[in-house]
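Next come the chains, spelled out residue by residue.
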Amino acid sequence: MTVPSSVTRLEAAINSHNAEEIAACFSLDYVSEVPQYPVRNFIGRETVERNWTKLLARTPDLRARVLRSAINGGEVWSEWEMEGSTTDGAPAVIAGPVIWRTDADGLISWARFYLDPVTSDPTPLP
């Protein structure tokens, strides 16, 4: 199966460590949904750039890897793993699926993020 171009483009942009390049993968009126944390929902490419600028400042060696992806109708489903170290040397790993739609220009126009930090904390869920 061919990896959707929007997946390949975003993965390369993240690995470039350039927040402007990452933001360029998204439409101006991009809608981001984070079902587990609705307070993190937002609209707009500017917020994408601002968020990635902060994330890359905290984790300057972040590397993204797409583990698998698929197209379901008009949606792209992808599973991500991102690893790096924070500026204080602590390991940082984020993993999970992201579902998105693209516009006519191939830019990501809507997404639902299920990415979360990976921890070794053995505390059971409630």
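Keep in mind it's a predicted model, so treat the numbers as computed, not measured.

This next bit is on the overall build of the protein chain. Looking only at helices and strands, the protein chain has three helices and seven strands in total. Tracing the protein chain from N to C terminus, the helices and strands come up as α-α-β-β-α-β-β-β-β-β. For the protein chain, the C-alpha radius of gyration of 14 Å lies close to 14 Å, the compact-globule estimate for 126 residues. Counting only C-alpha atoms, the protein chain reaches 40 × 30 × 30 Å along its principal axes. Expressed as a percentage of the 126 residues in the protein chain, the buried residues total 36%. In the protein chain, 47% of the contacts between residues at least 6 apart in sequence involve partners at least 24 apart. Of the side chains in the protein chain, 11 bear a positive and 17 a negative charge, and the two mean positions are spaced by 2 Å.

Next up on the list: the pairing of strand β5 (residues 91-102). Where strand β4 (residues 75-85) and β5 come together, 11 bridges link them in antiparallel fashion. For Ser-85, the partnering residue across the bridge sits in β5 and is Pro-91. Once β4 ends, the chain turns through five residues before running back antiparallel as β5, passing Gly-89 with a positive phi of about 90 degrees. Pairing of β5 with strand β7 (residues 116-117), which is carried by two bridges, proceeds in the antiparallel orientation.

Attention now goes to the pattern of salt bridges. For the structure on display, the rule yields four salt bridges. Measuring nitrogen to oxygen at the nearest pair gives 2.7 Å for the salt bridge that ties Arg-112 to Glu-33. With a gap of 79 residues between them, Arg-112 in strand β6 (residues 108-113) and Glu-33 in strand β1 (residues 26-33) connect regions that are remote in the sequence. Assessed through its relative accessible area of 26%, Arg-112 is described here as partly exposed.

Now for the side chain of Ser-78. Structurally, Ser-78 can be placed in strand β4. Polar contacts involving the side chain of Ser-78 include one to the side chain of Trp-80, which spans 2.7 Å. Leaving out residues up to four positions away in the same chain, Ser-78 has contacts with Val-7, Val-66, Arg-68, Ser-69, Gly-96, Pro-97, Val-98 and Trp-100.

What follows deals with the packing of aromatic side chains. Summed over the entire model, instances satisfying the criterion amount to three aromatic pairs. Geometrically, the ring pair formed by Phe-26 and Tyr-30 is edge-to-face, given 4.6 Å between the ring centres and 65 degrees between the ring planes. Ring geometry for Trp-80 against Trp-100: centres 6.3 Å apart, planes inclined by 45 degrees, an arrangement best described as tilted. Of the two residues, Trp-80 is situated in strand β4 and Trp-100 in strand β5; the sequence distance between them amounts to 20 residues. Grouping aromatic residues by their ring pairs yields a cluster made of Phe-26, Tyr-30 and Phe-42. Arg-40 extends its terminal NZ or CZ atom over the ring of Tyr-37, reaching a point 4.0 Å from the ring centre. Residue placement shows Arg-101 over the ring face of Trp-110; its charged tip is 4.1 Å from the ring centre.

What counts and how
- Residues numbered from 1 in each chain as written.
- Predicted model: local features only at pLDDT ≥ 70, side-chain atom pairs only at ≥ 80, totals over all residues.
- Heavy atoms only, no water.
- Helix = DSSP H or I, 4+ residues; strand = E, 2+ residues; numbered from the N terminus.
- Rg over C-alpha atoms; globule rule 2.2 N^0.38 Å.
- Buried < 20%, exposed > 50% of the residue type's maximum accessible area, 1.4 Å probe, protein only.
- Contact = heavy atoms within 4.5 Å.
- Lys, Arg positive; Asp, Glu negative; His and termini not counted.
- Charge placed at Lys NZ, Arg CZ, Asp CG, Glu CD.
- Pairing = 2+ DSSP bridges.
- Salt bridge = Lys/Arg side-chain N within 4 Å of Asp/Glu carboxyl O.
- Polar contact = N/O pair within 3.5 Å; in protein donor to acceptor, adjacent residues only side chain to side chain.
- Phe/Tyr/Trp six-rings, centres within 6.5 Å; stacked < 30°, edge-to-face > 60°.
- Lys NZ or Arg CZ within 6 Å of the ring centre and 35° of its normal.

These results come straight from atomic positions and should not be treated as a statement about function.
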